[in-house]
Amino acid sequence: MAHHVDHSQPLEYSTPQNRLNIYGFWIFLGAEIVLFATLFTVYFTLSDRTGTGPTGEEIFELTPVLIETFLLLTSSFLIGLGVHAMRLGRKTPMIVFYILTLLLGLGFLIVEIDEFFLYVHEGATITTSAFVSSLMTTLGTHGAHVTFGLFWGTAIVIQVIRQGINARTANKAFIFSLYWHFLDVVWIFIFSFIYLRGLM
Amino acid sequence: MAELFPKEHVVGFIGSLVLTIAALSVVWFDVSMVIGMIILLVTALIQAAVQLMLFMHIGETDDKVDIWIATLFAFGIGIVTIVGSLLAMVWGY
């Protein structure tokens, strides 16, 4: 490795490049915060514009939403354990935690896709009303992020299996964990201010 | 085995489950819109803070001030966008 490796830091922070990568990713997450804020803005502005279509109270189901919430909260916890195992240098537990994280993410996605089918079945399609358009755009953008994360996370797991835990793979795995926790935070806001507010 | 499950992470996870159930109270009980929104705001913000500080390790490096500035700046822009739009287009000012 060409860079000076600082052994007083966890591996993911151990080179100047690694620290910059992590800082840069926080800047990216800032842009993501603003992206989701604009989507929430659109939703809050249009959520009463249901036209002749259904309202949120009519189509939201608490059970699948609770399952999605539980899956994502647990996967966020598991990837935290994955990073912790990585810092202990424990490759196998780290990989197991990352794979479990991705499996719960996949479970979340399956429940969410099923929910979209249910909405369409009940006559709430993306062209039905401004409410459904903004709802599906917001949920869909989050779901697309989770989908992308499944591919990204799989690539990280493959690299760690092949190359082990080193400054480069630890950095990538840590940055992916930031992304995954961030998606959980966005979901908490969706759960609270779209679903629970709609069912109140 | 126990070393793989650090206490703070387990406590944080249980905390996030408790906060989720606390947020559900707005659906289970007949609360007014204002009280309900306050409950949801408090539970969501605490949950976000748990994720940021515990799981995302936001405060553990020398550049933590820069990271906080970038994140809070983005959060501030988001809040201004949301509240400003509500003010102009929903609350009728």
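Residues numbered from 1 in each chain as written. Chains lettered and ligands numbered in written order. Predicted model: local features only at pLDDT ≥ 70, side-chain atom pairs only at ≥ 80, totals over all residues.

J.: Would you mind showing me how to read the overall build of chain A here?
T.: Regarding its fold elements, chain A presents six helices and zero strands. For chain A, the sequential pattern of α-helices and β-strands runs α-α-α-α-α-α. In terms of overall dimensions, chain A has C-alpha extents of about 65 × 30 × 25 Å along its principal axes. (Helix = DSSP H or I, 4+ residues; strand = E, 2+ residues; numbered from the N terminus.)

J.: Teacher, can you tell me more about helix 5 (residues 130-163) of chain A here?
T.: The periodicity of an α-helix, 3.6 residues per turn, causes residues three or four places apart in sequence to face the same way. The terminal C-alpha atoms of helix 5 of chain A, which comprises 34 residues, lie 49 Å apart, in line with the 50 Å expected from a rise of 1.5 Å per residue. At the exit of helix 5 of chain A stands A:Gly164, carrying a positive phi of roughly 75°. (Expected span 1.5 Å × (residues − 1).)

J.: Which parts of the structure should I look at to understand the domain arrangement of chain B?
T.: Accessible area lost during the coming together of the parts is what is often quoted as the interface size. As assigned here, chain B comprises domain 1 (1-56) and domain 2 (61-93). Just the C-alpha atoms count here: the centres of domain 1 of chain B and domain 2 of chain B sit 21 Å apart. (Domains from an automatic or database assignment.)

J.: Even after reading the chapter, I still don't get the interface of chain B and chain A, so can you show me in this structure?
T.: Listed per partner, the contact involves 39 residues of chain B and 38 residues of chain A. Taken together, the elements giving at least two residues each to the side of chain B that touches chain A come down to helix 1 (7-28), helix 2 (33-55) and helix 3 (64-89) of chain B. Residue contributions to the side of chain B that touches chain A peak at 14 residues, all from helix 3 of chain B. The residue makeup of the side of chain B that touches chain A, split by class, is 24 nonpolar, twelve polar and three charged. (Contact = placed C-beta atoms within 7 Å. Nonpolar A, V, L, I, M, F, W, Y, C, P; charged D, E, K, R; others polar.)

J.: Is there a simple way to explain the packing of helix 3 (residues 62-87) of chain A against helix 1 of chain B in this structure?
T.: Packed helices, taken two at a time, are described by their axes: the angle between them and the distance between them. Running from amino to carboxyl end, helix 3 of chain A crosses helix 1 of chain B at an angle of 165°, the nearest separation of the two axes being 10 Å. Taken together, helix 3 of chain A and helix 1 of chain B sit at an angle that is classed as roughly antiparallel. As helix 3 of chain A runs across helix 1 of chain B, the sense of the crossing is right-handed. On helix 1 of chain B, the residues that touch A:Leu62, A:Thr69, A:Leu73, A:Phe77, A:Gly80, A:Leu81 and A:His84 of helix 3 of chain A are B:His9, B:Phe13, B:Ser16, B:Leu17, B:Thr20 and B:Val27. (Axes fitted to C-alpha atoms, helices over the stretch in contact; angles between N-to-C directions. Parallel < 35°, antiparallel > 145°, perpendicular 65-115°, else oblique. Left-handed = near helix turned anticlockwise from the far one by under 90°.)

J.: Help me out: how do you make sense of the packing of helix 3 of chain A against helix 6 (residues 167-199) of chain A in this one?
T.: All names here are of chain A. At a minimum axis separation of 10 Å, helix 3 and helix 6 run at an interaxial angle of 160°. In terms of orientation, helix 3 lies roughly antiparallel with respect to helix 6. For helix 3 against helix 6, the interelement crossing comes out left-handed. Where helix 3 abuts helix 6, its residues Leu62, Val65, Thr69, Leu72, Leu73, Ser76, Ile79, Gly82, Val83 and Met86 lie against Ala170, Ala173, Phe174, Ser177, Trp180, His181, Asp184, Trp187, Phe191, Tyr195 and Leu199.

J.: Could you clarify how one ought to interpret unusual backbone geometry in this entry?
T.: Backbone phi values are negative for most residues with the exception of glycine, while trans is the configuration of most peptide bonds. Residues and elements named next belong to chain B. At histidine 57, a residue that is not glycine, the phi angle is positive and equals roughly 55°. Checked against the element boundaries, histidine 57 lands in the loop between helix 2 and helix 3. Judged by the 22 C-beta atoms lying within 10 Å of it, histidine 57 is buried. (Buried ≥ 20, exposed ≤ 12 C-beta atoms within 10 Å, placed from the backbone.)

J.: Would you take a moment to explain the environment of A:Asp6 for this structure?
T.: Assignment of secondary structure puts A:Asp6 in the segment before helix 1 (16-46). It is 36 Å that separates the C-alpha atoms of A:Asp6 and A:Ile188, two residues lying 182 residues apart in sequence.

J.: Which parts of the structure should I look at to understand the environment of A:Phe151?
T.: Residues and elements named next belong to chain A. Relative to the helices and strands, phenylalanine 151 resides in helix 5. Among the residues examined, phenylalanine 151 registers 10 C-beta atoms within 10 Å and is labelled exposed. Considered as a pair, phenylalanine 151 and leucine 102 are 49 residues apart in the sequence and their alpha carbons are 9.1 Å apart.

J.: Before we go on, may I ask you to explain the nonpolar core in this structure?
T.: General note: in soluble globular proteins, nonpolar side chains tend to be found buried as a group. The biggest cluster of nonpolar side chains holds 75 residues, and the ones touching the most others in it are A:Met94, A:Tyr98 and A:Val186. Looking at this core, you find at least three residues from each of domain 1 (1-56) and domain 2 (61-93) of chain B. If we skip the residues at most four places from it in the chain, A:Tyr98 touches A:Ile79, A:Gly82, A:Gly153, A:Ile156 and A:Val157. (Core = buried A, V, L, I, M, F, W, Y, C linked by C-beta atoms within 7 Å.)

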